[in-house]
Amino acid sequence: MSTVDARLSVFKTYKLYVGGKFPRSESGRVYEVTDPKGKWLANAPQSSRKDARDAVVAARKAFGGWSGATAYNRGQILYRIAEMLEGRKDQFAREVADAEGLSKSKAAAVVDAAIDRWVWYAGWTDKIAQVVGGANPVAGPYFNLSSPEPTGVVTVLAPQESSFLGLISVIAPVIATGNTVIVIASENSPLPALSLGEVLATSDLPGGVVNVLSGRTAEIAAPLAAHQDVNAIDLAGADEVLAKDLEIAAADNLKRVLRPHPVNYAETPGIDRLTAFLETKTVWHPTGSLGAGGSSY
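Now for a description of the structure that goes with this document.

What counts and what doesn't
Residues numbered from 1 in each chain as written. Predicted model: local features only at pLDDT ≥ 70, side-chain atom pairs only at ≥ 80, totals over all residues. Heavy atoms only, no water. Helix = DSSP H or I, 4+ residues; strand = E, 2+ residues; numbered from the N terminus. Expected span 1.5 Å × (residues − 1). Buried < 20%, exposed > 50% of the residue type's maximum accessible area, 1.4 Å probe, protein only. Arc of directions from axis to C-beta. Contact = heavy atoms within 4.5 Å. Axes fitted to C-alpha atoms, helices over the stretch in contact; angles between N-to-C directions. Parallel < 35°, antiparallel > 145°, perpendicular 65-115°, else oblique. Left-handed = near helix turned anticlockwise from the far one by under 90°. Nonpolar A, V, L, I, M, F, W, Y, C, P; charged D, E, K, R; others polar. Pairing = 2+ DSSP bridges.

### Some remarks on helix H5 (residues 104-124)
With 21 residues, H5 extends 31 Å from end C-alpha to end C-alpha; this agrees with the ideal 30 Å at 1.5 Å per step. Of the residues making up H5, those classed as buried are Ala107, Val110, Val111, Ala114, Ile115, Arg117, Trp118, Tyr121 and Ala122. For H5, the angular spread of the buried residues around the axis is 145 degrees, confining them to a single face. Residues of H5 that are exposed and point over 90 degrees away from its buried face: Ser105, Lys106 and Asp116. Tucked inside the fold, the buried residues of H5 contact helix H3 (71-86), helix H4 (89-100), helix H7 (165-176) and helix H11 (272-275).

This is how it looks when you write it as structure tokens:
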């Protein structure tokens, strides 16, 4: 028997991505992930309520630095994520093909689209303020200026069927505008999301800006929807019953809620998800006057 024949297969151990690190679930639980035909792919961590709380702490800790970074710098980092993904396309194409039952060519096209999506949102980081902000006409000698600011810590339920392109489409706009995020990966197809953590960890993105949890969506989402330090929740991956329950829980601290609606993630997105988790700050300032003529600036 040759040395090659004698080798044992090295199975990948998938872990959560929280605070820039790769912990196993606090509960020690895992669950089996299979492809659409029932073939076993891997054991994924089954996150607990404690994991969810840890992710909120990490996201809040990272928020100040990330929201305070320049929009240009955030754009550079999002572009760097695209660069890192470009170098690992083959790995992600295999994982997407297994997760969604796609052919190699179709999975490769999905990964290409996901990389392009990062680049698209990277270009918006320093432009969105010009689109949704500006000077407001007012009756009085004042400057009245409106500018967008990030909402804060956002929980995102990733789409269940689009395990990678849909995942990127709901994460990228949230962090592009300065928010930090806790994302609950697709329950049945979490592996591309968990592998994304490895890319994020090597792409200049500060730890805690994106935190990836896997497990039973309803179990993890419930404490996050009720968490007092979560400012908003995107219900993209929730069914109608779960969405209603989470929306009720989110009302306790007046979270922003983006309800689920049909989306074709293959299409070029608009700016709706960029603006969904932005607040508008309006500043009034006296114009003052120049000289006896009463002219002002």
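### Looking at the environment of Leu224
Relative to the assigned elements, Leu224 resides in helix H9 (residues 217-226). Separated by 135 residues in sequence, Leu224 and Lys89 have C-alpha atoms that sit 32 Å apart. Once residues within four sequence positions are removed from consideration, Leu224 is found in contact with Ala52, Val56, Thr155, Ile182, Ile184, Leu213, Val230 and Lys255.

### Comments concerning the packing of H3 against helix H8 (residues 191-200)
To characterise two packed helices, one gives the angle between the axes of the helices and the distance between these axes. One can describe the packing of H3 onto H8 by two numbers: an axis separation of 9 Å at closest approach and a directional angle of 115 degrees. Classified by the interaxial angle, the pair formed by H3 and H8 is roughly perpendicular. Taken as a pair, H3 and H8 cross one another with a handedness that is right-handed. When H3 is examined against H8, the residues Ile81, Met84 and Leu85 are found in contact with a partner set consisting of Leu196, Val199 and Leu200. For the contact of H3 with H8, a count of residues per class yields 6 nonpolar, no polar and no charged.

### Things to note about the sheet that holds strand S5 (residues 153-157)
Pairing is parallel across the open sheet formed by 5 strands, whose spatial order is S7-S6-S5-S8-S9. Taken across any chain shown, the strands that pair with only one partner, and hence form the sheet edges, are strand S7 (210-213) and strand S9 (256-258). Taken pair by pair, the neighbouring strands of this sheet meet at an average axis angle of 15 degrees, ignoring direction. With 5 bridges connecting them, S5 and strand S6 (residues 180-184) associate as parallel partners. The residue of S6 that forms the bridge with Val154 is Val181. On top of the sheet, helix H2 (residues 49-68) reaches S5, S6 and S7; it is set at about 155 degrees to S6, its chief contact.

Taken by themselves, the reported measurements are silent on function.
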